[in-house]
Amino acid sequence: MLTLEGLVFRAGAYALSADLALAPGRRVAVIGPSGAGKSTLLDLIAGFRRPERGRILWLGQDITGAPPDRRPVAMLFQENNLFPHLDLRRNLGLALRPDGGRLRRGEDIAVEEALARVGLDGMAERRPGALSGGQQSRAALARVLLQARPIIALDEPFAALGPALKAEMLDLVRDVAGELGALVLLVSHDPQDARRFAEEVVLVAEGAAQAPVATETLFADPPEALRAYLGG
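Residues numbered from 1 in each chain as written. Predicted model: local features only at pLDDT ≥ 70, side-chain atom pairs only at ≥ 80, totals over all residues. Heavy atoms only, no water.

## Here's the deal with the pattern of salt bridges
Then comes step 1: Summed over all chains, the structure comprises 20 salt bridges.
Then comes step 2: Among the ionic pairs, E179 bridges to R117, the shortest N-O distance being 2.7 Å. In this pair, E179 is assigned in helix α5 (residues 163-180) and R117 in helix α3 (residues 105-117), connecting sequence segments 62 residues apart.
Then comes step 3: In this structure, a network of salt bridges that share partners links the residues R89, D108, E112 and E125. (Salt bridge = Lys/Arg side-chain N within 4 Å of Asp/Glu carboxyl O. Helix = DSSP H or I, 4+ residues; strand = E, 2+ residues; numbered from the N terminus.)

Structure follows, in structure tokens:
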């Protein structure tokens, strides 16, 4: 269980609170108005921001003070975080050897298998600039697959893709997460992403990340904050 216990974050006049729990293996969409704190919530979970008070626990262990590399979280940003001067083999290899050291044979095979899993078989020698946007997203997802962490945090990584390709990537994430048994947190501005992908939704609005609600239950009877966001 990922538990946010009495969590409070402040930055100037901005504040975000969270008191909720998310079960392992679930697919959870994080939605809400722009500037409400969706990305901040993921940053807190991943360790890129620190709360003013409260605790973050994973399977009962307090990880509030742990640095990002010591947390059970693999994070995928909209920019994909691929190094343009490195080919895909070395980009993905950083998931196994963060120090940039040479991959051993078994690790090299694991990189090839991860690329094949996301439809990039035979592209290990290519640099990100030689790939389409969709291929870059697939490469970044392959790196998440190699990290094999039990929480995957996705901060609108497919926002720049067209509807059909975005839907394809969401389906691929669902499959990869299922193989890993990972809890997935997907930040999106598009309610249709939530309905396609997520079993539960966390609404971030009015300074709070609310407890998760089953996706279809939430959209069938949206609270006022969500209704205002959807414009209905």
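## Side note on unusual backbone geometry
Among all residues save glycine, negative phi is the norm, and among peptide bonds the norm is trans.
Then comes step 1: One non-glycine residue, A148, lies in positive phi territory at about 50 degrees.
Then comes step 2: Following the sequence through the fold, A148 ends up in the loop between α4 (133-147) and β7 (151-155).
Then comes step 3: Phi is positive for E156, close to 50 degrees, though the residue is something other than glycine.
Then comes step 4: Checked against the element boundaries, E156 lands in the loop between β7 and α5.
Then comes step 5: Taking the relative accessible area as the measure of exposure, E156 reaches 16% and is therefore buried. (Buried < 20%, exposed > 50% of the residue type's maximum accessible area, 1.4 Å probe, protein only.)

## Here we look at the confidence of the model for the protein chain
Then comes step 1: Averaged over every residue, the pLDDT of the protein chain is 89; the share at 70 or more is 97%.
Then comes step 2: Considering each helix and strand of the protein chain separately, the mean pLDDT is smallest for helix α8 (residues 224-230), with a value of 80, and largest for strand β4 (residues 53-58), with 97. (pLDDT = per-residue confidence, 0-100.)

## Concerning α4
Then comes step 1: Its 15 residues give α4 an end-to-end C-alpha distance of 22 Å, which sits within 8% of 21 Å, the value for a rise of 1.5 Å per residue.
Then comes step 2: Burial analysis of α4 places 11 of its 15 residues in the buried class, the great majority of the element.
Then comes step 3: Of the positions making up α4, those classed as buried are G134, S137, R138, A139, A140, L141, A142, R143, V144, L145 and L146.
Then comes step 4: The secondary structure elements touched by the buried residues of α4 are β6 (73-77), α2 (88-93), α3, β7 and α5. (Expected span 1.5 Å × (residues − 1). Contact = heavy atoms within 4.5 Å.)

## Some points on the environment of P157
Then comes step 1: On the secondary structure map, P157 appears in the loop between β7 and α5.
Then comes step 2: For the pair P157 and V187, spaced 30 residues apart in sequence, the C-alpha to C-alpha distance is 8.6 Å.

## Remarks on the packing of α3 against α4
Then comes step 1: Between α3 and α4, the least distance of the axes is 9 Å, while the angle of their chain directions is 130 degrees. On the basis of their axis angle, the class for α3 and α4 is oblique. Two packed elements cross with a definite hand, and for α3 against α4 that hand is right-handed. Residue-level inspection shows A110, V111, A114, L115 and R117 of α3 in contact with α4, the latter providing A142, L145 and L146.
Then comes step 2: A class-by-class count of the residues in the contact of α3 with α4 yields 7 nonpolar, no polar and 1 charged. (Axes fitted to C-alpha atoms, helices over the stretch in contact; angles between N-to-C directions. Parallel < 35°, antiparallel > 145°, perpendicular 65-115°, else oblique. Left-handed = near helix turned anticlockwise from the far one by under 90°. Nonpolar A, V, L, I, M, F, W, Y, C, P; charged D, E, K, R; others polar.)

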